[in-house]
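The residues making up each chain are set out below.
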Amino acid sequence: MDKEYSMTKNITLKKENIIILCLTILVFLISIRHLGSIGIFTVLDDEFGYWGNAAYLAGLDWSDAVSQIPYYSYGYSLLLVPLFWIFDNSILMYKAAIILNGIMLSASFLLCYDIARKLMSDVDKYILIAISFFISMYPAYIAYSSIAWCECLLIFACWMLTWCFAGLNEKSSNYKFILIGFLSIYAYIIHQRALGILIASISVILLMKIFNKINWKQFLYVFLPFFLLMIIHFYLKNDIQSHLWLNNSGNLTNDYSAQASKFTQLFSIYGLGKAFKIFLGQFFYLGTASYLLCYLGIYELIQKIGRTITAYIKKKDSNLLNSDYYFYLYVFLLIALFFSIVISVISKINPTRIDHIVYGRYTEMILGPIILLGFIKFRETITAKVLLVMLISFSFITVAVNFILQEFNLSFYNPLHAVGLLLMNTPLNVYLSALIAILLFRLIFISFTKNNGIIITTIIFITGLFFFTGEIVTRSIVDINQERMEITKVVDSIYTSEDKLPIYFLWNDQNDPVYDEWDNRNVLDRLMADCYQFLLKENKIKLVNNKQLKITEEDKFILSGEIYNLFDLMHDYKFCLSAADSYLLVSKTNDFANNIFDDHPINYNAINIPLGIFNVTNAIATENYVQGDGTQGIFMQGPYKKLKQGEYIFILDMELIDYKYKELGYVDVYSSMDEKVLSQEQININNFDEDTKLLLEVPFELERDTDYIGLRIYANEDTQLKINSVYIKREQG
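Bear in mind the structure is a predicted one, so any value in this text is a computation, not a measurement.

K.L.:
Can you help me understand the pairing of strand S15 (residues 676-684) in this one?
P.N.:
The side chains of a regular strand alternate, residue by residue, between the two faces of the sheet. Here strand S14 (residues 663-671) runs beside S15; their pairing, made up of eight bridges, is antiparallel. Bridging across to S15, glutamate 663 finds its partner in asparagine 684. What sits between the antiparallel neighbours S14 and S15 is a turn of four residues, in which glutamate 675 has the positive phi angle 50°.

K.L.:
So what exactly am I meant to see when it comes to the pattern of salt bridges here?
P.N.:
Should their charged atoms come close, side chains of opposite charge can pair. Counted under the stated rule, the structure contains 20 salt bridges. One salt bridge in this structure joins aspartate 581 and lysine 641, with 2.5 Å as the shortest N-O distance. One end of the pair, aspartate 581, is in the loop between strand S6 (573-579) and strand S7 (582-587); the other, lysine 641, is in strand S12 (residues 633-643), and 60 residues separate them in sequence. Like lysine 641, aspartate 581 is buried.

K.L.:
It is not clear to me how the packing of helix H8 (residues 151-165) against helix H10 (residues 195-210) should be interpreted in this structure. Could you clarify?
P.N.:
Axis angle and axis distance: for two packed helices, these are the angle between their axes and the distance between the axes, and together they describe the pair. Running from N to C, H8 and H10 cross one another at 10°; their axes reach a closest spacing of 12 Å. Between H8 and H10, the angle is such that the two are roughly parallel. Across the interface between the two elements, Cys158, Leu161 and Phe165 of H8 pack against Ile197, Ser201, Val204 and Ile205 of H10.

K.L.:
Sorry, what's going on with the packing of helix H2 (residues 46-57) against helix H11 (residues 216-243) here?
P.N.:
Relative orientation of the contacting elements H2 and H11 amounts to 100°, with a least axis distance of 11 Å. The angle between H2 and H11 places the two elements in the roughly perpendicular class. Residues Asn53, Tyr56 and Leu57 of H2 form the contact with H11, whose own contacting residues are Leu236, Asp239, Ile240 and His243. Its residues placed into classes, the contact of H2 with H11 shows four nonpolar, two polar and one charged.

K.L.:
I would appreciate a short explanation of the sheet that holds S7 in the present structure.
P.N.:
Strands pair in a sheet through their backbones, by hydrogen bonds, and they do so in one of two ways: parallel or antiparallel. Pairing is mixed across the open sheet formed by five strands, whose spatial order is S4-S1-S5-S7-S6. Across the chains shown, the open sheet's two edge strands, defined by having one partner strand only, are strand S4 (541-544) and S6. When the angles between neighbouring strand axes are averaged without regard to direction, this sheet yields 25°. Across the sheet, helix H22 (residues 488-495) lies against strand S1 (503-506), strand S5 (557-560), S6 and S7, angled at about 140° from S6, the strand it touches most.

K.L.:
Looking at this structure, I do not really get the environment of glutamine 265. What am I missing?
P.N.:
Residue position: glutamine 265 is located in the loop between helix H12 (256-264) and helix H13 (269-289). The sequence separation of glutamine 265 and alanine 275 amounts to ten residues, and the corresponding C-alpha distance is 8.6 Å. Those residues in contact with glutamine 265 that lie beyond four places of it in its chain are Gly271, Leu272, Lys274, Ile349 and Asn350.

K.L.:
Before we go on, may I ask you to explain the packing of aromatic side chains in this structure?
P.N.:
To describe a pair of aromatic rings, you give the distance between the ring centres and the angle between the ring planes. Counted by the stated rule, this structure contains 50 aromatic pairs. Relative to tryptophan 62, the ring of phenylalanine 48 lies with its centre 5.7 Å away and its plane at 10°, an arrangement referred to as stacked. With phenylalanine 48 in helix H2 and tryptophan 62 in the loop between H2 and helix H3 (63-66), the pair connects residues that are 14 residues apart, well separated along the chain. Exposure remark for phenylalanine 48: the relative accessible area of 0% places this residue in the buried category. Through a chain of ring-to-ring contacts, the aromatic side chains of Phe134, Tyr138, Tyr141, Tyr291, Phe375, Phe378, Phe441, Phe445, Phe448 and Phe466 assemble into a single cluster. Taking NZ or CZ as reference, lysine 348 lies 4.7 Å from the ring centre of tyrosine 359, over its face. Between the NZ or CZ atom of lysine 556 and the centre of the ring of tyrosine 504, over which it lies, the distance is 5.8 Å.

K.L.:
Would you mind showing me how to read unusual backbone geometry here?
P.N.:
Most peptide bonds take the trans form, and the phi angle of most residues other than glycine is negative. The linkage connecting leucine 44 with the following residue, aspartate 45, adopts the cis geometry, with an omega of 10°. Secondary-structure assignment places aspartate 45 in the loop between helix H1 (2-31) and H2. Despite not being glycine, tyrosine 291 shows a phi value in the positive range, around 55°. Positionally, tyrosine 291 belongs in the loop between H13 and helix H14 (293-315).

K.L.:
What is the right way to look at the sheet that holds S14 in this model?
P.N.:
On the basis of which strands lie adjacent, the open sheet formed by five strands has the order S9-S12-S17-S14-S15 and antiparallel pairing. Every interior strand has two partners, whereas the edge strands, strand S9 (615-616) and S15, have only one. Bridge count between S12 and strand S17 (residues 706-715): eight bridges; the pairing is antiparallel. Each residue of the ladder has a partner; that of glycine 633, found in S17, is alanine 715.

K.L.:
When you look at a nonpolar patch on the surface in this model, what are you seeing that I'm missing?
P.N.:
Side chains of Val399, Phe403, Leu428 and Tyr431 sit close together on the surface and give an oily, nonpolar patch of about 380 Å² of accessible area. Mapped onto the elements, tyrosine 431 comes out in helix H20 (residues 430-447).

K.L.:
It is not clear to me how the nonpolar core should be interpreted in this structure. Could you clarify?
P.N.:
The biggest cluster of nonpolar side chains holds 206 residues, and the ones touching the most others in it are Trp51, Ile205, Phe375, Phe378 and Tyr532. No other element matches helix H5 (residues 90-119), which puts 15 residues into this core. Within the second largest apolar cluster, 47 residues are counted, among which are Ile563, Ile609, Ile613 and Ile709.

K.L.:
Got a minute to help me understand the pairing of S5 in this structure?
P.N.:
Residues Phe557 and Leu559 point to one face of S5 and Ile558 and Ser560 to the other, with burial holding for every one of them. The sheet contact formed by S1 and S5 spans three bridges and is parallel. The residue bridging tyrosine 504 from the neighbouring strand is isoleucine 558, located in S5. When S5 meets S7, the two strands line up antiparallel, connected through four bridges. The residue of S7 that forms the bridge with phenylalanine 557 is valine 586.

Rules and cut-offs
- Residues numbered from 1 in each chain as written.
- Predicted model: local features only at pLDDT ≥ 70, side-chain atom pairs only at ≥ 80, totals over all residues.
- Heavy atoms only, no water.
- Pairing = 2+ DSSP bridges.
- Helix = DSSP H or I, 4+ residues; strand = E, 2+ residues; numbered from the N terminus.
- Salt bridge = Lys/Arg side-chain N within 4 Å of Asp/Glu carboxyl O.
- Buried < 20%, exposed > 50% of the residue type's maximum accessible area, 1.4 Å probe, protein only.
- Axes fitted to C-alpha atoms, helices over the stretch in contact; angles between N-to-C directions.
- Parallel < 35°, antiparallel > 145°, perpendicular 65-115°, else oblique.
- Contact = heavy atoms within 4.5 Å.
- Nonpolar A, V, L, I, M, F, W, Y, C, P; charged D, E, K, R; others polar.
- Phe/Tyr/Trp six-rings, centres within 6.5 Å; stacked < 30°, edge-to-face > 60°.
- Lys NZ or Arg CZ within 6 Å of the ring centre and 35° of its normal.
- Patch = residues over 30% accessible without salt bridge, like charges linked within 9 Å, V, L, I, M, F, W, Y side chains within 5 Å.
- Areas by Shrake-Rupley, 256 points an atom, 1.4 Å probe, with all protein chains shown as cover.
- Core = buried A, V, L, I, M, F, W, Y, C linked by side-chain atoms within 4.5 Å.

Here's what the structure looks like:
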């Protein structure tokens, strides 16, 4: 009988381990599922800041470009440094960083399962596996896995700390205490918003020592690595800010100096009111994104901690605090969550986007363990009164957040910082997201009153919704990445030059950007400079304005994210090529200029505009052409560029694929700011040659410097026009 029982137990254990291994691999594969489609930054300047630190620590000098962006800490960068030594190709470095994300998220799944086993030892193992996998598919985890920034590392660090605190006592292994000391300060070094995690760790360790839960030796094991890393951090941070950021205090947005003015707002009634509104928005997000499981987890924390403290106060017996095996874990999670929310609210107290109000990114690093506690609460008795109060409260918060969003009257919404609110852009706004959260919460609640099979089926179903939500945001990340990857053509062209020419990036109007203003900088130029410096790796980009460029006499490459600067340079430089809204020129005196193959039928004073930056409707769009599908209307418009006063010509290289009427459509040029048509050319069947090709010129004149100049191509019914290239040329006066 004992032998039969032992064999059954071994088979069950083996089956359990196989499932865990398979799901670990699945989490990893899901995390790197878009590896073949990404290879460059999506989130700027965040990613470039971390890679810039890594480049500096690897011995490269990117200071010209890095010093123009906000400061980013170097904790995550330490993981990236070896990639500079292993890979010569920047794109392969980026892909390796995505693989690191997959490893960290897979490890987080294993940690989650091990913690769940400790906290719910009486629950079926397969339910615990399903819960752990569900949490691993949290939408933000899915989205963050395809970006080479610090979020996955912060998530992993928080899971590691939770695992260390779970059941921590005087009998625990010494390495756990060393890990707590190391991870607490390291999380802070990764990003200063992890200050809440650091405060929680220190507070709990002090409490454990005060109430004799741990001994002096274990206490020192925590604080020795803590103090050692703090000393190293102090000197290394100063060194990086001095030599990489060049002590540019105006760009230390992510440092404490930039947050001081936000914190002082809390000392006024108006500031407190604004902070409360941001808190409601962010608290609403946490509930909605987790299908209210976060709220249940918070309730579990408060209830467990409250009962233990109440018993301690009544009996004045410190043993009551130590008798609860997980009391200090609960305290750590509650303090960490509280301070993470406080830091997030202060950081976004002056919102400029909708997602700043319903912001999740700064707190989602600690959210996984809270969701796990929400499931623990499902295993206990939840009264109808508690559920009713929670749902009514959430409904009031939803209504309040809707009014708050209307009050701030913001228009732009970046879903990457609030991944769980996929439906924010629908007419029903927060209400639809809240309704779905309530319905799914109710579904989970009902399933937990049924058998294990129903519970696991429900969890798997909702896991799919988690993944679906995160994947939609990830697809937008991949699309952006693919567009930016086009600049590799420019990089390859630079590398083909036999002479290693210096590379300059034309960096104008940075203190007074006309559009896309962020941190008092022109975003477009910043994005292009960051991407090019990353791809060019060992070739330092020098950022200059027009005046600085004129006094440099050496042969050089010039990169620019704007067109309007380039026409003044055509006397001394030759246009090479364009890609992804960026343009490359080279000195005419260099041999490289003579080797450039002119593949367009106009002279080199014309600039080729990338087709990818045009807006396309009812058309097939590729890297090489845009073709209308025969639907009547405007099928291509753009590029919405700033141009200086003068006379210009748009030149379109087009083909006629199919038509029904002789009048095929028209092309016009307009100013989208003035809503004024500047020029219009009709397109007729007689314009095309015998090969149905046409080089159409559309001249126009600007009486003053103008922004957002657009070109529109209109096709009549059943007319299919194929646009192979678009150029712009300024007439020399």
